[in-house]
Protein chains: 2
Amino acid sequence: MSYPHYSTGYNTSPSAPPVPKPQSQQPGVAYPYQPPPPSQQPNYSYNYGQPHNPMMAGGYGSPYGYPPTPSFPPGTHPEVIRSFQMVDMDRSGFIDAKELQQALSSGYQRFSLRTIRLLMFLFRNPNDDLRTGPKEFAELWSCLGHWRAIFERFDRDRSGKIDAAELRDALYSLGYAVPPSVLQVLISKYDEQKGQRVDLSFDSFVECGMIVKGLTEKFKEKDTQYTGSATLSYETFMTMVIPFLVAE
Amino acid sequence: MSYPHYSTGYNTSPSAPPVPKPQSQQPGVAYPYQPPPPSQQPNYSYNYGQPHNPMMAGGYGSPYGYPPTPSFPPGTHPEVIRSFQMVDMDRSGFIDAKELQQALSSGYQRFSLRTIRLLMFLFRNPNDDLRTGPKEFAELWSCLGHWRAIFERFDRDRSGKIDAAELRDALYSLGYAVPPSVLQVLISKYDEQKGQRVDLSFDSFVECGMIVKGLTEKFKEKDTQYTGSATLSYETFMTMVIPFLVAE
């Protein structure tokens, strides 16, 4: 099976809109998440991009002053901050799975809790892998923007679904050349009537893609020379894989 | 960390009751699922243990005579057959996840659909991995009986829960010497309040155990000399692991 080749870079047009239109299949379209144009950006007096005094009204932070106040990376788009704040009712600076699900609903759509847990696992903060902080949320949001653009590019009929071949091409665009056998096990679980055409929603696409991304990154850590194979001890294999499995 | 040693065989007392009492911690207790004593066995005139004419009243089988009628292995306990038949309303000889959940409720308890899907995956029939046939159901039932006996042996206070150390010992009894690091990632997902004591129900124990069993068997296939490590290609790694992940 041959994979399509995309000889042109995707980052050559940084001013492109956040979501490519279906007709914009020409090379050079930008795929990273782009904030709305400046005219849509509200004024906001509070600088979320920098650490701030947690005792200030409206600020994030522990009333005890410790642990250090989680904050958004400099330059985080206000829409991202607003989506986070909207669900972080206790202003703890961390959100749980259901809150993340709600926060992403505003910018994207409602994801299944399975996908949410996978996202939380892949974008976990090292100190608390049950909750998502501002930094991880901003990264996750940006990544989803990128993935949505890819998804919509391959969803040519704008049905909100992509098929197996489009999934393969979409993953390839994301940098993952998934072998046919891997693609087959990946999609077989979404193929409710065996052998029928598989249509993946954006939710399922994100789930599939995050599985590929997460496992591939883990594998690469053990294949530092990129030989395509790795020698793993039983213990390494198990500790690599189990976190993906019991993500409840 | 040292593991306990059980120097005596578990199969030396085939007439032992199906579920060991907590006080029966002495060596030599039988752990496999044992059918009730003969006096409890009903008479049943229909031989489910052998292939039979699918057109016979009450028989399993396709009205078209093909594929071959699925049947229970010879000697399958009638209780197992009854549990299966009770939920196989269309007498197709196959049951889906929800039906399996219901069938196991009669002999064991209600398992989560996550655990059910893991069981279906590990005891899948090669022709149809979305449904469970009589042979797989009988194997699954027997395995659960074995696991329940182990679980109850380690649940010394009969609370219906086991902790992390008991999980380790229980898995060891099942033949899996799980390294501490693996145990840690395994239980961390059940540790809702970080660092607190983890108590696993039988459902969670089965989920954990089936993950260990399934992954260990996969790994052993690639480590035929039992050296404790295996060289895996990226493709092999991905196709080994993904089926465990997208078990929806």
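Reading the values: rules and limits
Residues numbered from 1 in each chain as written. Chains lettered and ligands numbered in written order. Predicted model: local features only at pLDDT ≥ 70, side-chain atom pairs only at ≥ 80, totals over all residues. Heavy atoms only, no water. Helix = DSSP H or I, 4+ residues; strand = E, 2+ residues; numbered from the N terminus. Buried < 20%, exposed > 50% of the residue type's maximum accessible area, 1.4 Å probe, protein only. Contact = heavy atoms within 4.5 Å. Areas by Shrake-Rupley, 256 points an atom, 1.4 Å probe, with all protein chains shown as cover. Least-squares fit on C-alpha atoms with pLDDT ≥ 70 in both. Buried area = accessible area lost by both parts, 1.4 Å probe. Polar contact = N/O pair within 3.5 Å; in protein donor to acceptor, adjacent residues only side chain to side chain. Nonpolar A, V, L, I, M, F, W, Y, C, P; charged D, E, K, R; others polar. Expected span 1.5 Å × (residues − 1). UniProt positions renumbered as here; feature names shortened; annotations may be inferred. Phe/Tyr/Trp six-rings, centres within 6.5 Å; stacked < 30°, edge-to-face > 60°. Axes fitted to C-alpha atoms, helices over the stretch in contact; angles between N-to-C directions. Parallel < 35°, antiparallel > 145°, perpendicular 65-115°, else oblique. Left-handed = near helix turned anticlockwise from the far one by under 90°.

### What about the overall build of chain A?
Phase 1: Secondary structure summary: chain A contains eight helices and one strand in total.
Phase 2: Counting all 248 residues of chain A, 51% fall into the buried class.
Phase 3: A sequence separation of at least 24 residues applies to 59% of the contacts in chain A between residues at least 6 apart.
Phase 4: Carbon and sulfur atoms make up 51% of the accessible area of chain A, which amounts to about 12100 Å² in all.

### Describing the relation of the copies chain A and chain B
Phase 1: Each copy superposes on the other: chain A lies on chain B with an RMSD of 0.0 Å after a rotation of 180° and an axial shift of 0.0 Å. Such a combination of rotation and displacement between the chain copies is what one expects of a two-fold axis. Ranked by how close their C-alpha atoms come to the rotation axis, the residues of chain A are headed by Thr231(A), at 2.0 Å.

### Observations regarding the interface of chain A and chain B
Phase 1: Across the boundary between the two partners, chain A contributes 41 residues, which contact 41 residues of chain B.
Phase 2: Of the roughly 4000 Å² buried between chain A and chain B, counting both surfaces, carbon and sulfur atoms make up 71%.
Phase 3: The tally of links from chain A across to chain B stands at nine residue pairs in polar contact (both at pLDDT 80 or more).
Phase 4: When contributions to the side of chain A that touches chain B are tallied by element, the ones reaching two or more residues are helix H3 (113-122), helix H6 (180-188), helix H7 (202-222), strand E1 (229-233) and helix H8 (234-245) of chain A.
Phase 5: Counting residues per element, the side of chain A that touches chain B draws most heavily on H8(A), which supplies 11 residues.
Phase 6: Within the side of chain A that touches chain B, the residues separate by chemical class into 25 nonpolar, seven polar and nine charged.

### Thoughts on helix H4 (residues 134-154) of chain A
An α-helical segment advances 3.6 residues per turn. Residues three or four places apart therefore align on the same side.
Phase 1: Here H4(A) is 21 residues long and its end C-alpha atoms lie 30 Å apart, about the 30 Å a rise of 1.5 Å per residue gives.
Phase 2: Most of H4(A) is tucked away, with 17 of its 21 residues classed as buried.

### Remarks on the UniProt feature "domain: EF-hand" (unreviewed entry) in chain A
Phase 1: In the numbering adopted here, UniProt assigns the feature "domain: EF-hand" (unreviewed entry) to residues 75-110 and 142-177 of chain A.
Phase 2: Between the C-alpha atoms that bound residues 142-177 of chain A there is a distance of 22 Å. The span itself is 64% helix and 0% strand.

### Points about the environment of Met210(B)
Phase 1: Positionally, Met210(B) belongs in helix H7 (residues 202-222).
Phase 2: For the pair Met210(B) and Leu119(B), spaced 91 residues apart in sequence, the C-alpha to C-alpha distance is 7.2 Å.

### Concerning H7(A)
Phase 1: Taking 1.5 Å of rise per residue, the 21 residues of H7(A) would be expected to cover 30 Å, and the 30 Å separating its terminal C-alpha atoms lies within 8% of that figure.
Phase 2: Within H7(A), 16 of the 21 residues are buried, leaving the element largely enclosed by the surrounding structure.

### Focus: unusual backbone geometry
All names here are of chain B.
Phase 1: For Arg158, which is not glycine, the phi dihedral falls at a positive 55°.
Phase 2: With respect to the secondary-structure elements, Arg158 resides in the loop between helix H4 (134-154) and helix H5 (164-173).
Phase 3: When its relative accessible area of 41% is taken as the criterion, Arg158 is described as partly exposed.
Phase 4: You will see that Tyr226, though not glycine, has its phi angle at about 55°, which is positive.
Phase 5: Among the secondary structure elements, Tyr226 is positioned in the loop between H7 and strand E1 (229-233).

### What to know about the environment of Val182(B)
Phase 1: When you line up the elements, Val182(B) lands in helix H6 (residues 180-188).
Phase 2: Taking the C-alpha atoms as reference points, Val182(B) and Val212(B), 30 residues apart in sequence, are found 9.3 Å from one another.

### Let's talk about the side chain of Asp163(B)
Residues and elements named next belong to chain B.
Phase 1: Within the secondary structure, Asp163 sits in the loop between H4 and H5.
Phase 2: A polar contact is formed between the side chain of Asp163 and the backbone nitrogen of Glu166, at a distance of 2.9 Å.
Phase 3: Contact partners of Asp163, with chain neighbours within four places excluded, come to Arg197, Val198 and Asp199.

### Looking at the packing of aromatic side chains
Phase 1: Here the structure, examined in full by the defined rule, presents 25 aromatic pairs over all chains.
Phase 2: Residues Trp147(A) and Phe205(A) carry aromatic rings whose centres are separated by 5.8 Å and whose planes lie at 50° to one another, so their mutual orientation is tilted. Highlighted residues: Trp147(A) in helix H4 and Phe205(A) in helix H7, separated in sequence by 58 residues. Summarising the burial analysis for this pair, Trp147(A) and Phe205(A) share the class buried.
Phase 3: Ring centres of Tyr108(B) and Trp141(B) lie 5.1 Å apart, and the angle between their planes is 65°; on these two criteria the pair is classed as edge-to-face. Of this pair, Tyr108(B) sits in the loop between helix H2 (97-107) and helix H3 (113-122) while Trp141(B) sits in helix H4, and the two are 33 residues apart along the sequence.

### Here we look at the packing of H7(B) against helix H8 (residues 234-245) of chain B
All names here are of chain B.
Phase 1: At a minimum axis distance of 10 Å, the contact between H7 and H8 shows a crossing angle of 160°. In this view, H7 runs roughly antiparallel relative to H8, as classed from their interaxial angle. Where H7 crosses over H8, the two elements pack in a sense that is right-handed. Along the contact surface, H7 presents Gly214, Leu215, Lys218, Phe219 and Lys222, while H8 presents Thr236, Met240 and Phe244.

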